[in-house]
Amino acid sequence: MSFYTGNRSTPCCPGPITGNPLNGLCERVCIQTTKVFDSCIKRISLQNVAQTATFTGIPSEPLTFVSASSNPTKPATITNLLVERLPDRPNYARVSGIVNIPIEITYTDSTNATGVATSTTTVPFDVILFVPQPAVIPYSIQAFGAMSSTIGTYSGSNVFTLDECITVIVRVVVEAELCVPSYGYCQIPPCTEFSQNVCDEIFDLPLYPTATLN
């Protein structure tokens, strides 16, 4: 079993609430978490983006582009960040900078061997966000970035030319201690072990054949 398989009758289990949400509330809990003051999303498509790639080893050219996507193990970063408060809107600011998204480019070489090169795609942003006033614990600007490409070519000299679909999320966040309502500690059920027993289908058969008489 897990939170989402097996018996979910206990209120101390993550998932949708059924019935009165006040049933089972037992305490106010102080949790340390990331509070998001504001965020916005930007989706863009770019054509013919030149990406200078870094290869592991020396591939055998010519190369054939297969696909490209953001690197799941390396988060996006922000450079050239600038926060300018708006005089007529004291709780808001103009937030600008560049989101750098690490990407992986999959290709095949002249021997039909598959390889992966790395690069970085950059997305400038210039937006208006709610920015809290200065405090002992400072806020920070964070970014999430994702890129996907299925159209591209190898231009030579370690350069791929890609058509990119990009999603960027910019957030104003602070590490905070929040007081939230709680149903108590989660009750963690035992795991259900995965197994593929080839005998299961045989063992599940009835001992004797059955027939329905009309």
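Residues numbered from 1 in each chain as written. Predicted model: local features only at pLDDT ≥ 70, side-chain atom pairs only at ≥ 80, totals over all residues. Heavy atoms only, no water.

### Here's the deal with the nonpolar core
Grouped together as the largest cluster of nonpolar side chains are 29 residues, with contacts concentrated most on Phe 55, Ile 101, Ile 105 and Phe 160. Secondary structure elements with two or more residues in this core: strand E2 (64-70), strand E4 (89-108), strand E5 (114-130), strand E6 (140-156) and strand E7 (159-182). When neighbours within four sequence positions are excluded, Ile 105 is seen to be in contact with Gln 51, Ala 53, Phe 65, Ser 67, Ala 68, Gly 115, Val 116, Ala 117, Ser 119, Phe 160 and Leu 162. (Core = buried A, V, L, I, M, F, W, Y, C linked by side-chain atoms within 4.5 Å. Buried < 20%, exposed > 50% of the residue type's maximum accessible area, 1.4 Å probe, protein only. Helix = DSSP H or I, 4+ residues; strand = E, 2+ residues; numbered from the N terminus. Contact = heavy atoms within 4.5 Å.)

### Notes on the packing of aromatic side chains
Given two aromatic rings, their pairing is described by the distance between the two centres and the angle made by the two planes. Counted according to the given criterion, the structure contains seven aromatic pairs. Each ring, one from Phe 55 and one from Tyr 107, has its centre 5.4 Å from the other, and the planes form 75°; the classification is edge-to-face. Taken together, the residues Phe 55 in the loop between strand E1 (27-52) and E2 and Tyr 107 in strand E4 connect sequence positions 52 residues apart. Residue Phe 55 shares its accessibility class with Tyr 107, and that shared class is buried. A centroid spacing of 5.6 Å and a plane angle of 90° characterise the contact between Tyr 92 and Phe 130, whose relative ring orientation is edge-to-face. With Tyr 92 in strand E4 and Phe 130 in strand E5, the pair connects residues that are 38 residues apart, well separated along the chain. You can call Phe 130 partly exposed: its relative accessible area is 25%. (Phe/Tyr/Trp six-rings, centres within 6.5 Å; stacked < 30°, edge-to-face > 60°.)

### Some details on the environment of Gln 51
Note that Gln 51 resides in strand E1. Take Gln 51: its relative accessible area is 4%, and that puts it in the buried class. Excluding anything up to four places from it in sequence, Gln 51 contacts Ile 103, Ile 105, Ser 119, Thr 120, Thr 121, Asn 158, Val 159, Phe 160, Leu 162 and Glu 164. Engagement of the side chain of Gln 51 in a polar contact is seen with the side chain of Glu 164, the distance being 2.7 Å. (Polar contact = N/O pair within 3.5 Å; in protein donor to acceptor, adjacent residues only side chain to side chain.)

### A short note on the pattern of salt bridges
Under the definition given, this model contains two salt bridges. A salt bridge links Asp 126 to Arg 94; the shortest N-O distance between them is 2.6 Å. Of this pair, Asp 126 sits in strand E5 while Arg 94 sits in strand E4, and the two are 32 residues apart along the sequence. Since its relative accessible area comes to 44%, Asp 126 is described here as partly exposed. The partly exposed category is assigned to Arg 94, whose relative accessible area is 37%. Taken together, the shared-partner salt bridges connect Glu 84, Arg 94 and Asp 126 into one network. (Salt bridge = Lys/Arg side-chain N within 4 Å of Asp/Glu carboxyl O.)

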